[in-house]
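Here is how the chains run, residue by residue.
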Amino acid sequence: MSSDRLAVRKTYKLYVNGAFPRSESGRTYEVTDAKGHFLANAAWASRKDARDAVVAARGAFGTWSGMTAYNRGQVLYRVAEVMEGRHVQFCEEVAAGEGLSQSKARAAVDAAIDRWVWYAGWTDKLAAVLGGANPVAGPYFDFSMPEPTGVVAVLAPQQSSLLGLVSVLAPVLAGGNTAVVVTSKERPLPAVALAEVLATSDVPGGTVNLLTGDAEELGTWLAEHADVDAIDLTGAPAGRAMEFEREAAGTVKRVLRTPAQEPDWTADPGLSRMTPFLETKTVWHPIGV
Amino acid sequence: MTSSTRAPFEYAPAPESRSIVDIAPSYGLFIDGEFVDGTGDSFKSVNPASEEVLTEISSGSDADVDRAVAAARRAFTRVWGPMRPADRSKYLFRIARLLQERSREFAVLESLDNGKPIRESRDVDVPLAAAHFFYHAGWADKLDHAGLGPGPRPLGVAAQVIPWNFPLLMLAWKVAPALATGNTVVLKPAETTPLTALLFAEVCRQADLPPGVVNIVTGAGDTGRAVVEHDDVDKVAFTGSTEVGKQIARAVAGTRKKLTLELGGKAANIVFDDAPIDQAVEGIVQGIFFNQGHVCCAGSRLLVQESIHDEVIASLQRRIGTLRVGDPLDKNTDIGAINSAEQLARIRELSDYGEAEGATRWQPACDLPDRGFWFPPTVFTGVSPAHRIARDEVFGPVLSVLTFRTPDEAVAKANNTTYGLSAGIWSEKGSRILKIANQLRAGVVWANTFNKFDPTSPFGGYKQSGYGREGGRHGLAAYLKGNDA
């Protein structure tokens, strides 16, 4: 890069309903790199932004969950393809935000892209693995199948700003849910880069909504929101997880609890992040002539 | 408002003998394999069909719950946890066989304590309870093959609180999977229906089940709270109202306890214009009047396509006119007693709201016994989605009828509820059934049938009807930990 050219900097915004709005509150907050140097002013999402994001996610639920599993898999694979093309950008964002060496940042980005590929391959296998025919004692064909829970609020991990984020978001989408994600508060910039990928990967608008800001305040509003069906508390701030879980009980939300410490995101997640956001539907149909 | 519908046949009384049951004047708690006196106040269990006092029941205090949980923990650590899975399996097979052997005794006792018709306790509750133990017995030594990841492990001590509508069957739904997966149990039966759980304790003794594996602590809400909130409990399973389910979810927030909830419902039963009407009418009756409508998955919202509304209602009223309401022990009885004075008051209150809000009440001419708690089968027509009888769970023999014109409208109305436990579809067109079944946000969908249950078939709700499944391979996950459980 020639040294005399003045760079064009990016405005980091929210990602809601397929568009990139600023916070309706007009609030921003300063994001620094691991050494404390200024990186950007990120949008500081408000309660209204969170509510708008829930409306968008609810609106997209029919579209996303109604697509064939094959099609959803192709879209998630497309996310990996587009991310691969922006590999250098993601490495720079992750290295700056998390204070990682180039090689460690590269490993995190590689793993994040590969995780999309892994979950892309799950979409059309879940029903076979988690559903099936039930041999009831009567003249009925009885079968069970997994269905998405609906709108899932995700408090993304605070430390792992890209691999952690993808590791909690992709399983929610693979099952057919739509998501409202609160990003890492101090390391939100890779999430905004991811939003730009999602916006150009045939993910229907509203399917994923990314809010940069403070999980401590946004978490409360999402936990008590009556049109949120489930909440992943992985990135809930210490000391608030129990309160969020209590608020979620008011509408019988499915809750994925906060782990004692942030998990090792390179480990094989199995089905453990998909099944909490899947319902089982059982259908009985008579057999006769 | 009643209309007279003549019963086509006269029936002679055909009562099942109650001599097969032997009810003691009082019962203690079943802790660590022994019946012990509770330290809380005792209370009376009443036959809801006659208001006769059946026996005195102990109420478990916090100290009693402590003892029960300690016994369950000991049994888990020393006996049941380390036991060979094949042996756990054999104990469950024994229990299944004992339930079958003593099935008539259980059926009569259930009808006496709960008020449900003997036809149902004999043909549904007790055989299904035995089937649940038989089914889960087979799982105990096959958990590695259940698709829940490698080497799934039991959670430990399960606290289980069950309702009064299917006392023995709900016990089976809770206890069988818990034991099959290697957990031990502290079970709190419903306040008004503890007797079959106490008889089940005797079955555990006949099976030589090791002490402490199953503990039964009777009592009311405070006892249930003590069981659920006990620190040394690893798992909470609750079936009951959505309101109490929310309290329990709040209480376990921030703990390690794994929670499953099976809560209320307000199921839509959708009848399309191509449905076989006579068959649908039988299904509507079965959907709402089975067990006096004391069923969380009852088909309490009938959605009829507008073009066949009058025909369906006329046929339904004719059929309801032939239902026999009365003595639960009479083998001809279709509708038994309402379980308690409290529940009867709630049914009356919501029904009165139905009329006050503008719906039309219809009840057949039917003689109700002088003593006991009774409510006639009731149909409300002209119900709007905003009416309380279309939104609130009545948990009684009260059907609300709404209409629709298009399949989209049927789905929108069916899903317009905070609940999502079950639904019914009546149509001769297979492709329509599968499309509508896909669109309904409910955990169990019955097509051209209703209120069918089987231990192999997962049961549980969407939305505020709860989470987790009971029955089938899915039900095991509620009691195991592991990568995919």
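A. Geometry of the overall build of chain B. If you tally the helices and strands in chain B, you get 15 helices and 21 strands. Over its C-alpha atoms chain B spans a radius of gyration of 22 Å, differing by no more than 12% from the 23 Å that the globule rule assigns to 485 residues. Over its C-alpha atoms, taken along the principal directions, chain B stretches across nearly 65 × 50 × 35 Å. Out of the 485 residues belonging to chain B, those deemed buried represent 60%. Within chain B, contacts between residues at least 6 apart in sequence are counted, and of these 73% link residues at least 24 apart.

B. Representation of the nonpolar core within the structure. Ranked by size, the top nonpolar core spans 185 residues in total, and within it Leu169(A) and Val180(A) carry the most contacts. Tallying contributions element by element places helix H5 (residues 167-180) of chain B first for this core, with 11 residues. If near-sequence neighbours (up to four positions away) are discounted, Leu169(A) is found in contact with Val154(A), Ala179(A), Val181(A) and Val208(A). The next biggest cluster of nonpolar side chains, apart from the first, holds 69 residues, and it includes Ile270(B), Ile389(B), Ala414(B) and Ile436(B).

C. Examining the interface of chain A and chain B more closely. In this complex, chain A contributes 30 residues to the contact, which on the side of chain B involves 36 residues. For the side of chain A that touches chain B, the secondary structure elements donating two or more residues are strand S4 (140-148), helix H9 (241-249) and strand S10 (278-286) of chain A. If you tally residues by element for the side of chain A that touches chain B, the top one is S10(A), at 8 residues. Within the side of chain A that touches chain B, the residues separate by chemical class into 13 nonpolar, 11 polar and 6 charged. Direction of pairing for S10(A) relative to strand S19 (residues 444-447) of chain B: parallel, over a ladder of 3 bridges.

D. Highlighting the sheet that holds strand S5 (residues 151-155) of chain A. All names here are of chain A. Pairing is parallel in the open sheet, where 5 strands are placed in the order S7-S6-S5-S8-S9. Looking at which strands have only one partner, the edges of the open sheet turn out to be strand S7 (208-211) and strand S9 (254-256). On average, adjacent strands in this sheet sit at an angle of 15 degrees to one another, irrespective of strand direction. The pairing of strand S6 (residues 178-182) with S7 spans 4 bridges and is classified as parallel. Across the sheet, the residue bridging to Val180 is Asn209, located in S7.

E. How the structure looks around the packing of helix H8 (residues 215-224) of chain A against H9(A). Residues and elements named next belong to chain A. For the pair H8 and H9, interaxial distance at closest approach is 7 Å and the crossing angle is 25 degrees. On the basis of their axis angle, the class for H8 and H9 is roughly parallel. Contacts from Gly219, Thr220, Ala223 and Glu224 of H8 reach H9 at Phe244, Glu247 and Ala248. Of the residues belonging to the contact of H8 with H9, the class tally is 3 nonpolar, 2 polar and 2 charged.

F. Inspection of the pairing of strand S6 (residues 53-57) of chain B at higher detail. All names here are of chain B. With 2 bridges joining them, strand S2 (residues 26-27) and S6 adopt parallel strand pairing. Of the residues in S6, the one forming a bridge with Ser26 is Glu56. Direction of pairing for strand S5 (residues 43-46) relative to S6: antiparallel, over a ladder of 4 bridges. Within S6, the position partnered with Lys44 by the bridge is Glu56. Hairpin connection from S5 to S6: 6 residues lie between these consecutive antiparallel strands, with Glu51 at a positive phi of about 65 degrees.

G. Structural context of the sheet that holds S5(B). Here 3 strands make up an open sheet; going across it, the order is S2-S6-S5 (chain B) and the pairing mixed. The open sheet terminates on both sides in strands that have one partner only, identified here as S2 and S5 of chain B.

H. View of the pairing of S5(A). All names here are of chain A. Burial of S5 is extensive: 5 of the 5 residues sit out of reach of the surface. Of the two faces of S5, both are covered, the one formed by Val151, Ala153 and Leu155 as well as the one formed by Val152 and Val154. Sheet topology places S5 next to S6; 5 bridges connect them, and they run parallel. The residue of S6 that forms the bridge with Ala153 is Val180. Traced from S5 through helix H6 (residues 163-174) to S6, the parallel crossover comes out right-handed. Both S5 and strand S8 (residues 230-232) contribute to a ladder of 3 bridges, which runs parallel. Bridge pairing links Val154 to Asp232 in S8.

I. Inspection of the environment of Arg256(B) at higher detail. Residues and elements named next belong to chain B. Its place among the elements puts Arg256 in the loop between helix H8 (242-252) and strand S12 (258-262). With 12 C-beta atoms counted inside 10 Å, the residue Arg256 sits in the exposed group. Along the chain, Arg256 and Val233 lie 23 residues apart, while their C-alpha atoms are 9.0 Å from each other.

J. Layout of unusual backbone geometry. Residue and element names in this part refer to chain B. Positive phi, normally seen in glycine, also occurs at Gln292, with a value near 60 degrees. If you trace the backbone, Gln292 turns up in the loop between helix H9 (277-289) and strand S14 (301-305). The exposure class of Gln292 is buried, given the 32 C-beta atoms found within 10 Å.

Cut-offs and rules
Numbering of residues starts from 1 in each chain and follows the order in which that chain's sequence is written. As a convention, the first chain written is A and the first ligand written is 1, with the rest following in written order. Per-residue local features are limited, in this predicted model, to residues with pLDDT of at least 70; the limit for side-chain atom pairs, both in listing and counting, is 80 or more; totals at the level of whole chains, interfaces and linings are taken over all residues. Numbering of helices and strands starts at the N terminus; helices are DSSP runs of H or I of at least 4 residues and strands are runs of E of at least 2. Each radius of gyration reported is based on C-alpha atoms, and the globular scaling rule is 2.2 Å times the count of residues to the power 0.38. Labels follow a simple rule on C-beta atoms placed from the backbone: if 20 or more others lie within 10 Å of a residue's own, it is buried; if 12 or fewer, it is exposed; otherwise it is partly exposed. A residue pair is marked as a contact if its C-beta atoms, positioned from the backbone, fall within 7 Å. For the purposes of this analysis, a nonpolar core is taken to be any set of buried Ala, Val, Leu, Ile, Met, Phe, Trp, Tyr and Cys residues that are connected through C-beta atoms within 7 Å. All amino acids are sorted into three groups, where Ala, Val, Leu, Ile, Met, Phe, Trp, Tyr, Cys and Pro are nonpolar, Asp, Glu, Lys and Arg are charged, and the leftover types, Gly among them, are polar. Any two strands with at least two DSSP bridges between them are considered paired. Each axis is a line fitted through C-alpha atoms, taken for helices only over the stretch in contact, and angles between the N-to-C directions span 0 to 180 degrees. Orientation is classified from the angle alone, with under 35 degrees giving roughly parallel, over 145 giving roughly antiparallel, 65 to 115 giving roughly perpendicular, and any other angle giving oblique. Whether a crossover is right-handed comes down to one check: with the strands pointing away from the viewer, does the path from the first strand over the helix to the second run clockwise; if it does, it is right-handed.

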